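Below, each chain spelled out in residue letters.
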Amino acid sequence: MRTERKYLILLIDHLNEVKDRIEKACARSGRDPEDVTLVAVSKTKPEEDIMELYEAGQRDFGENYIQELRTKHEDLPRDIRWHMIGHLQRNKVKYIAEWVTMIHSVDTMELAETIEKEAAKHDRIIPVLVEVNVGEEESKFGVSVEDAPLLVKKIISLPHVEFRGFMTSAPFVEDPEEDRPVFRKLKQLSVDTFSEIDDNNQVSVLSMGMTNDFEVAVEEGSTMVRVGTAIFGKRNYAKTGE
Ligand SMILES: *Cc1c(COP(=O)(O)O)cnc(C)c1O
């Protein structure tokens, strides 16, 4: 009992520590912390952990695997905002279309069209981000910076898909400073894209920054950081079965 309690308090401490670091990064770069949403990446982590953070007021959670996301959505409070941040196969969109808050990983027109079809079935509009492989890493999903504008243009024509901005996962590096040019490049793409679209007064989203580099990402304009390890601790992938 006692050890469990200690562990739970630790999670909240971690959450507050991350929030504090976001605030300091905002202060350094003259930004308002209100403009940065913290998505707690809970993949492979138990529902009890999520509930502990939920009770501390956390509402935005990110997941990578559809089956795990479905189960957690089913079991946990309805006002949790679920973000699909992992690679998404077209045949699985139907399982999350009714309730997912945002899909961060759209990188083909075929996927966008599937989201359009499934969103229409539920008479809703699904907010999406275009995933960009800024670092051009072969192991990563996402469109190139060069191909992004055309994909955005096509997505905008879909009535049940709402283009809200861009997402990237920067390369893993020892020194997060090395990722600064990656974040800067995505920010520039965002500025260029939204100045061209200029069709709504929605605030654009820049989903960038993870445990290793979220402070640099915030300094470079991130509006959504996706932090897992710094909050929940290391992951054990053997348990996911995916
Ligand atoms: C797992 C994951 C994260 C969180 O990574 P941490 O390094 O644990 O903070 C963020 N974004 C994506 C796309 C992920 O798959």
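Scroll up to find the structure.
In what follows, the accompanying structure is described. Just so it is clear, the model here is predicted, and its values are computed rather than measured.

1. Comments concerning the overall build of the protein
Working step 1: Summing up its helical and strand segments, the protein has eight helices and eight strands in all.
Working step 2: Whereas a compact globule of 242 residues would reach a radius of gyration of roughly 18 Å, the protein reaches 18 Å, a difference of no more than 12%.
Working step 3: In terms of its C-alpha atoms, the protein occupies a principal-axis envelope of roughly 55 × 40 × 35 Å.
Working step 4: Each of the 242 residues in the protein was classed as buried or not, and the buried ones make up 50%.

2. Observations regarding the pattern of salt bridges
Working step 1: Taken as a whole and judged by the stated rule, the model has 13 salt bridges.
Working step 2: Notably, a salt bridge pairs Lys 140 with Glu 137, separated by 2.5 Å at the nearest N-O pair.
Working step 3: Lys 140 sits in the partly exposed class, given a relative accessible area of 27%.
Working step 4: Glu 137 gets classed as partly exposed once you look at its relative accessible area, which sits at 23%.
Working step 5: Here Glu 177 ties to Arg 180 by a salt bridge, and the two come within 2.8 Å at their closest N and O atoms.
Working step 6: We classify Arg 180 as buried; its relative accessible area is 15%.
Working step 7: A single salt-bridge network, built from bridges that share partners, covers Arg 28, Glu 177, Arg 180, Arg 184, Glu 219 and Glu 220.

3. Some thoughts on the site of the ligand
Working step 1: Taken together, 13 residues sit near the ligand, with Lys 43, Asn 64, Thr 211, Thr 229 and Arg 235 positioned nearest.
Working step 2: Taking Thr 211, its side chain carries an N or O atom lying 2.5 Å from an oxygen atom of the ligand.
Working step 3: In this structure, Gly 228 approaches the ligand through a main-chain N or O atom, which is 2.8 Å from an oxygen atom.
Working step 4: If the ligand stood free it would expose 380 Å²; the protein chains cover 88% of that surface.
Working step 5: The residue makeup of the shell around the ligand, split by class, is five nonpolar, five polar and three charged.

4. Quick word on the pairing of strand E3 (residues 81–84)
Working step 1: Sheet topology places strand E2 (residues 60–63) next to E3; four bridges connect them, and they run parallel. By the bridge assignment, Glu 63 is partnered in E3 with Met 84.
Working step 2: In this fold, the crossover linking E2 to E3 by way of helix H3 (residues 66–75) has right-handed handedness.
Working step 3: Here E3 runs beside strand E4 (residues 102–106); their pairing, made up of two bridges, is parallel. Its bridge partner being in E4, His 83 is matched across the sheet by Met 102.

Rules used in this analysis
- Residues numbered from 1 in each chain as written.
- Predicted model: local features only at pLDDT ≥ 70, side-chain atom pairs only at ≥ 80, totals over all residues.
- Heavy atoms only, no water.
- Helix = DSSP H or I, 4+ residues; strand = E, 2+ residues; numbered from the N terminus.
- Rg over C-alpha atoms; globule rule 2.2 N^0.38 Å.
- Buried < 20%, exposed > 50% of the residue type's maximum accessible area, 1.4 Å probe, protein only.
- Salt bridge = Lys/Arg side-chain N within 4 Å of Asp/Glu carboxyl O.
- Near = heavy atom within 4 Å.
- Polar contact = N/O pair within 3.5 Å; in protein donor to acceptor, adjacent residues only side chain to side chain.
- Areas by Shrake-Rupley, 256 points an atom, 1.4 Å probe, with all protein chains shown as cover.
- Nonpolar A, V, L, I, M, F, W, Y, C, P; charged D, E, K, R; others polar.
- Pairing = 2+ DSSP bridges.
- Right-handed = clockwise from strand over helix to strand, strands pointing away.

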